[in-house]
Amino acid sequence: MYQWRKFEFFEEKAAGRGGGSSAAVPAEIAGHVTCCSGGRGRVAVGCDDGTVGLLDRGFRLSYGFQAYASSVLFLQQLKQKNVLVTVGDDDQSSSQSSAICLKVFDLDKVQEEGSSTTSPFCVQILRVFTDQFPQAKITSFMVLEEAPPILLIAIGLDNGFIYCIKGDIARERITRFKLQVEAASDGSTSLPITGLGFRIEGQAHQLFAVTPSSVSLFSLHVQPPRRQTLDQIGCQTNAVAMSDRMDLIIGRPEAVYFYEVDGRGPCWAFDGEKKFVGWFRGYLLCIIDDQRTQKGTLNVYDLKNRLIAHSMPVGDVSHLVCEWGYIILIMADKKILCIGEKDMESKLDMLFKKNLYTVAINLVQSQQADPASTAEVLRKYGDHLYGKQEYDEAMSQYIHTIGHLEPSYVIQKFLDAKRIYNLTNYLEKLHDRGLASKDHTTLLLNCYTKLKDVEKLNDFIKDEDGIGEIKFDVETAIRVCRAAGYHEHAMFVAKKAGRHELYLKILLEDLGRYDEALQYISGLEANQAGLTVKEYGKILVEHRPAETVEILLRLCTDVGDPTTRRGSNSMHLLTVPSPMDFVNIFVHSPQYLMEFLENYIKAVKDSPAQTEIHDTLLELYISNDLSFPSISQENGFENHSIKETKGKETANGYKSGTRDKANLGKEGTKIAKDIADRRNKGLALLKSAWTPEMEDPLYDVDLALILCNTHAFKDGLLFLYEKLKLYKEVISCYKQAHDHQGLIACCKKLGDSSQGGDPSLWGDLLKYFGELGEDCSKEVKEVLTYIEKEDVVPPIVVLQTLSKNPCLTLSVVKDCIARKLEQESKLIEDDRKSIDKYQEETELMKREIEDLKTNAKVFQLSKCTACTFTLDLPAVHFMCMHSFHLRCLGDNEKECPECAPEYRSVMEAKQKLEQNARDHDLFFRQLRGSKDGFSVIAEYFSKGIVSKTTVPPENGR
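In this text the structure is predicted, and so the values were computed from the model without any measurement.

## Some points on the overall build of the protein chain
So, step 1. Per the secondary structure count, the protein chain includes 31 helices and 32 strands.
So, step 2. A total of 957 residues make up the protein chain; the buried ones form 42% of that total.
So, step 3. Long-range pairs, those at least 24 residues apart, make up 47% of the contacts in the protein chain between residues at least 6 apart in sequence.
So, step 4. Carbon and sulfur atoms provide 50% of the accessible area of the protein chain, an area that totals close to 53200 Å².

This is the structure we're talking about:
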């Protein structure tokens, strides 16, 4: 193996008791070391004097004990439990029984045997040889720990047999069986068992057995155990080991062989007599005797990387054991050599100095170093290759560092235009692993566009026909593609990522494909479509107004999917966008906003935003300066043609002023007609949105008043004032317009108290004519006719009001005043007659009362008023001149049955009047509702209601 490089990855460790590099078996162990085993932080050594010693990390004797009377042959420290299993020779006085026995010591239970020595507790002692298991020389020993406390012990003999003991040794619940390998090929007696090895694979337990001329495999999980011969070559004692993959290793002079369950595996041609073979942390250990020098050499082989990790001469080695992460060699002279592996950093520094980066990479990967350490080695190798200008190879190393090395470290090395291919490759890998930032995406796309590599750009953007997740920042990719003119790629990314707003932005701002944009919006969900229209609606309305209005109507009314409109219509409308959300997109096209809202209110009658919609629509209807800019391409073309024609005419020195005036006249007529049509619609909207059946209108009344007043919309103001019962404001509108006939008609309509009107309007109208300062005799006569008919204004007030107008003569009011005076005179005469009548009746009543008080009353009735029979005693006479039998009156003797109903009605009327006197609201309601308030007050006085006042008593008196 001269091709393999040699390195010093191991070094001799200072493990001596004095701190030096040399160590030895403690002097307390006097016997010759016959066996040793490592495990659980200690090394156990057995001697030919029957003692067992336990050494600590400093190779000091923790304690020793006498395990056997004669010698210790084999021992093994278990890994799962702190138990030591030994095989040794106990002298027996009786020659009939074998002295070889197996002992199990529990090292956690130490029993005192005096003041100077301690001994672990011996759990069990078993005789190895019995009548069924004849005695032979033991050549090998192996213990397998199954599920505690079950042990499987294999004892190899020099006659080719293997004695097995399985079970709970401590309780002696065991099973014994024996195995035999094949006899020697030359027909001689069986060869000794030179090595054993257990292999566990699931529930299958297998045992390798090695002799000098064969390798066998026993399957212990079947009964009886099945033997399989793997090879016809073998090895000597101590040249057998097991790898960490549970492969058998045997060392022969010509090579080292590995065996699996199905036969021989890899073979490594290491020359030399293998005195010891071992396995340590993935390394193969071989102590090879040199026949010429008669000296041994320890070689540590790294089979994965095909190198010799360490090689050093050693003396006469008697035992090889591994513990504490060290390789421990016990020499024949009891000296101890402790060899440890150097740390990874030291090994890598050694390789870096020799520029052996490939070896370093293989080393860190084979030893499963952390990814950061591996990436650091790869970085150094990449830097080395970069320094040699081997850029492709360097980039292949840098790519392996992705995820651990900062990408900017690599990128800045390859920013040169000559190395753009390497940079592109690195950035692609960075995106594949999902570690790219926005800047990396920008850089990669710029690389593609610089290289004009459309195919790679397609692969990166479209990702194998759109399958898989996006591995880059969407907004960055779209921005770069748009800047480079790859609009289709930008649209693909936006659509795949669901970024509808970016997709539409490209269609509208970059490509001007408005029809396609509208079609795309139509295919979106309602909420998403609403968001996109809000953002790009201005552009759509500018170029495709009719189609945009159609889409908005579908969004806001959901007419395209009637199946979703089940249940309450109001609840459904809460889930669709409101038309008011889209008002701002019509900022330059109010006429299309008007069309949109008109169609909406026709389709939806109970919108939650109906107040705002009606307010907006009303403002559009009554505005004076609503413009109709040219929007469609056709109109734009026509305007362009007109400008061209004007330009040509000017260039020729000709300009028709008459034609311009005609055009202006037609345009003015068109505008005036449009304003009139819209105001008619506005008035119709005011009326339809506030019908007599409605308690409240569908618009904001205050805002409607402001709008009508701002835009001088008289018809709208009159309607609103009338609905709000602001009749005086209605009259003011007519006064401002000097519309006398309208004033009179309005007063006839609104001043009729029988229809809920305000009669005081006639007084205001009369006052207006009195202060007018011009001849209005005809109108005044018409007003006086109605005033006379309804008797709403006293004659004296009429005279005083009209006397202020110098243009009116007395003849205007003469006839009216004469008729009124005649009527008043007649009323006065009637009142005088009534007064006389009431005075006579009152005087008569006073005389009757006085007569009752002063004169005797003679009762002359002879019959009972109730039963009409002859009146006899006992009888009751009332002052009203009615007489009754006492029996006819019953229980009521104090009240005349004939006069009682009339008396009660009078008393009830009196009580009612007294209650009315306390009901002030009723008094004022009658006062406001009467044409003549004075008559109401006089009536209250006449009934004695107002005059009867109660003065509350003063406090403290």
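That shown, we press on.
## Some remarks on the UniProt feature "domain: RING-type" (unreviewed entry) in the protein chain
So, step 1. When the UniProt feature table is mapped to this numbering, "domain: RING-type" (unreviewed entry) covers residues 864-899.
So, step 2. With 11% helix and 17% strand, residues 864-899 has its two end C-alpha atoms placed 15 Å apart.

## Notes on the sheet that holds strand β23 (residues 263-268)
So, step 1. Strand order in the open sheet formed by 4 strands is β20-β21-β22-β23, with antiparallel pairing between adjacent strands. Here the strands that pair on one side only, and so sit at the sheet edges, are β20 (240-242) and β23. Along the sheet, successive strands turn relative to each other by an average axial angle of 25 degrees, direction set aside.

## Quick word on the state of the cysteines
So, step 1. Evaluated as defined, the whole model comprises 0 disulfides.
So, step 2. Between cysteine 864, a cysteine without a disulfide, and cysteine 867, which holds the nearest cysteine sulfur, the sulfur-to-sulfur distance is 3.6 Å.
So, step 3. Cysteine 896 supplies the cysteine sulfur nearest to cysteine 880, a cysteine that is in no disulfide, at a spacing of 3.6 Å.

## Let's talk about the sheet that holds strand β6 (residues 51-55)
So, step 1. Read from one edge of the open sheet, 4 strands run β4-β5-β6-β7, paired in antiparallel fashion. Since the sheet does not close on itself, it has two edges, and those belong to β4 (33-39) and β7 (61-66), each with one partner. Between one strand and the next, the sheet's axes are offset by a mean angle of 15 degrees, whatever the strand orientation.
So, step 2. When strand β5 (residues 42-47) meets β6, the two strands line up antiparallel, connected through 4 bridges. Residue pairing across strands places valine 45 opposite glycine 53, the latter belonging to β6.

## Thoughts on the UniProt feature "coiled-coil region" (unreviewed entry) in the protein chain
So, step 1. Look at the UniProt record and you will see "coiled-coil region" (unreviewed entry) annotated at residues 821-855.
So, step 2. Measuring from the first to the last C-alpha atom of residues 821-855 gives 51 Å, for a span that is 97% helix and 0% strand.

## Brief notes about the packing of aromatic side chains
So, step 1. For the structure on display, the rule yields 24 aromatic pairs.
So, step 2. Measuring from ring centre to ring centre gives 5.1 Å for phenylalanine 10 and tyrosine 283, while their planes differ by 80 degrees; the resulting arrangement is edge-to-face. In this pair, phenylalanine 10 sits in strand β2 (residues 10-12) while tyrosine 283 sits in strand β25 (residues 283-290), placing the two residues 273 residues apart along the sequence.
So, step 3. On the basis of relative accessible area, phenylalanine 10 is assigned to the buried category, the value being 1%.
So, step 4. When its relative accessible area of 2% is taken as the criterion, tyrosine 283 is described as buried.
So, step 5. Ring centres of tyrosine 503 and tyrosine 520 lie 4.2 Å apart, and the angle between their planes is 25 degrees; this geometry places the pair in the stacked category. With a gap of 17 residues between them, tyrosine 503 in helix α11 (residues 500-511) and tyrosine 520 in helix α12 (residues 514-522) connect regions that are remote in the sequence.
So, step 6. Classification of tyrosine 503 as buried rests on a relative accessible area of 8%.
So, step 7. Here the aromatic residues Tyr386, Tyr391, Tyr398, Tyr409 and Phe414 are joined through ring pairs into a cluster of three or more.
So, step 8. When the ring centre of phenylalanine 133 is taken as reference, the NZ or CZ atom of lysine 178 above it lies at 5.8 Å.

Criteria and thresholds
- Here the residue numbering is sequential within each chain, running from 1 through the sequence in written order.
- Restriction of local features to residues with pLDDT of at least 70 applies here, the model being predicted, together with a cutoff of 80 or more for giving and counting side-chain atom pairs; totals for whole chains, interfaces and linings are based on all residues.
- Side-chain measures were taken over the full set of non-hydrogen atoms in the model, leaving aside hydrogen atoms and water.
- Only DSSP runs of H or I reaching four residues or more are called helices, and only runs of E reaching two or more are called strands; each is numbered from the N terminus.
- Only protein chains enter the accessibility calculation, which uses a 1.4 Å probe; a residue whose area is less than 20% of its type maximum is buried, one above 50% is exposed, and one in between is partly exposed.
- Contacts: residue pairs with any heavy atoms within 4.5 Å of one another.
- To measure how exposed things are, a 1.4 Å probe is used in the Shrake-Rupley method; for residues, cover is taken only from the protein chains shown.
- UniProt positions are given in the numbering used here, feature names are shortened, and annotations may be inferred rather than shown by experiment.
- Strand pairing is assigned whenever DSSP identifies at least 2 bridges connecting the two strands.
- Interaxial angle, 0 to 180 degrees, is taken between N-to-C directions of lines fitted to C-alpha atoms, where a helix line uses only the stretch in contact.
- Sulfur atoms of two cysteines make up a disulfide when they are within 2.5 Å.
- Any two of the Phe, Tyr and Trp rings considered here, Trp counted by its six-membered ring, make a pair once their centres fall within 6.5 Å; the pair's planes then place it as stacked at under 30 degrees, edge-to-face at over 60, or tilted in between.
- Counted as over-ring charges are cases with an Arg CZ or a Lys NZ within 6 Å of the ring centre that also lie within 35 degrees of the ring normal.

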